[in-house]
Amino acid sequence: MNQVTQAQFGMIPLQFIETDPNQPRRTFDENALQELADSIKVSGVIQPILLRTIEDSDTRLQLVAGERRYRASQLAGLTEIPGIVRQLTDAEVAIIQLVENHQRAGVPPLEEAEAMDRAMRDHGLKIDDICAELGVKRRWAYSRLQLLDLCTEARIGLNDGRLAPSTALLIARIPVASLQERAATEVLTNNGTGSPMSYRQAKTWIEQRYTLDINRAVFSLVDAKLCKAAGSCAECPKRTANDPDKFPDISADVCTDPDCFEMKTEAHNAAEIAKAAKKKIRFYESWEQCKTERNGDLSTDFVLARTFDRLINADHQNMPVDDLLGTDRMPKPIGIFKNLSGHITNIYSKSDIQYALEKAGLARTEAEEEEFDKQEEQQRTELAKEKNATEQEDPAAVLRKRLVEINWKIAKAYNAFHEELLEEIKDLVDQQTLLPIYRTLAVFSAGQAARSEQLSFSQKVDESYNVDFMEAAAVEELVEHASDEDVCRLHLDAVLSNIPSVYGGAIDGGLIKFEDEWEEWNYQHYQTLIKLGNICGIDIDLLRDKHLAEPLQELAEAMTPAKEEPAETPKPEALKKQPNRAKKAPSAPDADPAAAWPFPKSKEGS
């Protein structure tokens, strides 16, 4: 800021002072002004106001800073006020007023934004100049200026305090006027239910309704000819990645113009339909229409490979089939349709994809599977013969074999127990258990997130919903019409339905072994089920015994050595009578594996 000369201090008659029409602060709280006036009557004006000379006037002075003190002095009935008079340019006045108001409480954000904009527009100041004078970051300055993009309804809500500046900023970032007006109404009325949304509610609502992940676009982001009026997405200012200063709290690459996004999607879909027609690939209005006409032998390119037969590598089961085969090895589609998200999706014959998997060496043919089964059966037979020959000579081997079989029974019993426990928990979800269930799930989910574990459904659960969980719109529709209890059940399935299987090799003495970090996490999964069961009032001991009592008893019997009958000894003819001796206490029985259950017996213990 340039230094000014001829600064003068003195008592200035109020009648010689003019207010600045460009003063950033336009609104003053009348009650607060009266309180300041009452204070001035008692103590006077402690801090002088700042004024500047007016060109072509020897008596008039323009108020630069201190308008509240000036107004309160008038209310207090004063005729003069202490002031400092300096020679200042318009640009210097703009900066001083910005700084002075920024340091004061209660300056309306919109008025501050208008003053910043005026300083940049009328006096040639740059954003970095303003940031340096105010001592703020560029991000804050850009956010303030962006409030000027607010529609009228949102401006009113911000000025009367119904909208916080942070919430108003979320609305201001919606670039399409009609969409912004709609969003402002929804946020201010909480969708017609009453008081305005909180910042978090508004952020979630606007992100879901008015912003779109650009990476999920089906159209080319660099195709400027797709919609000539809109141009390419590569340089579009409505794309958050192209202007991070304007969207500082949005880390994702997002389109903030849903209308344009939809227009490009429709243009892309029309082009895809026309392209398919040239190849004589039929367009179906819906998946249901295609299923009806094609008798159900259908698939899409994003279904998981596990829905097909005879896969060679088990690791491929959860891969989308188009990722597994690759575009070049996918068969020709038999049709296309518009899915629930509005995207054009290819339809394939399921048998064509099965053949493609077999041809690529990723799945066996029926003949190869039959031969594979024969070889496996032959190997099992040979191994069984070898084991039988060994066991005939070695009684310990017979016991080991029996224990392995029992361990597998116990493992299956654990799995059945865990599955039934989850089903019972879902049946008992109600309004009273919702909150404790969500709290327990939050703890477990946080652990999953820390281990980068994604939520997933078991195949059984996935099929039971009859919803494609890869389609966001389908899931949204499912949740929108669901009760609170059903949403909780969906969350239970997403977090817990993929219960880690217990295998025979993990059983030791009737218990599950947890030897490494992975197995320890499985244990946390089982423990979470137990906690939820207790929350829902399930008799854990009863359900456990239903599945595990029998195999654990069988294990106990197998581990108890058979008692040999003592050989009869002939009585001697002359046996001297022995004195009475205290009876020996019976030896302690062998430990019962059923008593060494890894989960607590009482609800309080879990």
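As a reminder, the structure under discussion sits directly above these lines.
The present account deals with the structure reproduced in this document. Keep in mind the model is a prediction, meaning the values are calculated, not measured.

1. Concerning the overall build of the chain
Scanning the chain from terminus to terminus reveals 22 helices and 13 strands. Here the chain holds 606 residues, and 39% of them are scored as buried. Contacts spanning at least 24 positions in sequence make up 72% of the contacts within the chain whose residues lie at least 6 apart. Approximately 36,100 Å² of the chain is accessible, and the part contributed by carbon and sulfur atoms is 50%.

2. Comments concerning the sheet that holds strand S3 (residues 49–53)
One open sheet holds the five strands; their spatial order is S1-S5-S3-S4-S2, and the pairing between them is mixed. The sheet terminates laterally at strand S1 (8–13) and strand S2 (17–18), the two strands that pair on one side only. When S3 meets strand S5 (residues 80–86), the two strands line up parallel, connected through four bridges. The residue bridging isoleucine 49 from the neighbouring strand is glycine 83, located in S5.

3. Here's the deal with the sheet that holds strand S11 (residues 344–349)
With mixed pairing, the four strands of this open sheet are ordered in space as S8-S10-S11-S9. Among the strands making up the open sheet, the edge pair consists of strand S8 (282–284) and strand S9 (298–299). For strand S10 (residues 335–338) and S11, the ladder comprises four bridges, and the chain directions are antiparallel. Note that in S11 the partner of glycine 335 across the bridge is isoleucine 347. On the sheet, helix H12 (residues 287–294) packs against S8, S9, S10 and S11 and is oriented at approximately 120° with respect to S8.

4. A few points about the environment of aspartate 128
Within the secondary structure, aspartate 128 is located in helix H5 (residues 127–134). Residue aspartate 128 is classed as partly exposed on the basis of its relative accessible area of 43%. Residues aspartate 128 and alanine 141 lie 13 residues apart in sequence; the distance between their C-alpha atoms is 9.1 Å.

5. A closer look at helix H9 (residues 177–189)
Compared with an ideal rise of 1.5 Å per residue, which puts 13 residues at 18 Å, H9 spans 18 Å between its outermost C-alpha atoms and is within 8% of the ideal. Considered for burial, the residues of H9 that qualify are Leu179, Gln180, Ala183, Ala184, Glu186, Val187 and Leu188. At its buried positions, H9 is contacted by helix H7 (152–159), helix H8 (165–172), helix H10 (199–210) and helix H11 (258–278). Within two residues after H9, asparagine 190 carries a phi angle of roughly 50°, on the positive side.

6. Observations concerning the packing of H8 against H10
Between H8 and H10, whose axes approach to 9 Å, the crossing angle comes to 10°. Relative to H10, the element H8 lies roughly parallel. Taken together, the residues of H10 that come into contact with H8 (itself represented by Ser166, Thr167, Leu170 and Ile171) are Tyr199, Ala202, Lys203 and Ile206. Taken together, the residues that form the contact of H8 with H10 break down as five nonpolar, two polar and one charged.

7. Considerations on a nonpolar patch on the surface
A contiguous nonpolar patch, built from Val404, Trp408 and Tyr503 and spanning about 330 Å² of accessible area, is present on the exposed surface. Tracing the chain through its elements places valine 404 in helix H16 (residues 395–427). On the basis of relative accessible area, valine 404 is assigned to the partly exposed category, the value being 46%.

8. With respect to the pattern of salt bridges
Within the structure shown, the criterion is met by 22 salt bridges. Two residues, arginine 155 and glutamate 114, come together in a salt bridge whose shortest N-O distance is 3.7 Å. Of this pair, arginine 155 sits in helix H7 while glutamate 114 is found in helix H4 (residues 109–123), placing the two residues 41 residues apart along the sequence. With a closest N to O distance of 2.8 Å, arginine 380 and glutamate 377 form a salt bridge. Taken together, the residues span about one helical turn, with arginine 380 and glutamate 377 both in helix H15 (residues 366–393) at a distance of three residues. Given a relative accessible area of 47%, arginine 380 falls into the partly exposed group. Using a relative accessible area of 41% as the deciding quantity, one classes glutamate 377 as partly exposed. Three or more residues joined by partner-sharing salt bridges are found here, namely Asp117, Arg121 and Asp122.

Basis of the calculations
Residues numbered from 1 in each chain as written. Predicted model: local features only at pLDDT ≥ 70, side-chain atom pairs only at ≥ 80, totals over all residues. Heavy atoms only, no water. Helix = DSSP H or I, 4+ residues; strand = E, 2+ residues; numbered from the N terminus. Buried < 20%, exposed > 50% of the residue type's maximum accessible area, 1.4 Å probe, protein only. Contact = heavy atoms within 4.5 Å. Areas by Shrake-Rupley, 256 points an atom, 1.4 Å probe, with all protein chains shown as cover. Pairing = 2+ DSSP bridges. Axes fitted to C-alpha atoms, helices over the stretch in contact; angles between N-to-C directions. Expected span 1.5 Å × (residues − 1). Parallel < 35°, antiparallel > 145°, perpendicular 65-115°, else oblique. Nonpolar A, V, L, I, M, F, W, Y, C, P; charged D, E, K, R; others polar. Patch = residues over 30% accessible without salt bridge, like charges linked within 9 Å, V, L, I, M, F, W, Y side chains within 5 Å. Salt bridge = Lys/Arg side-chain N within 4 Å of Asp/Glu carboxyl O.

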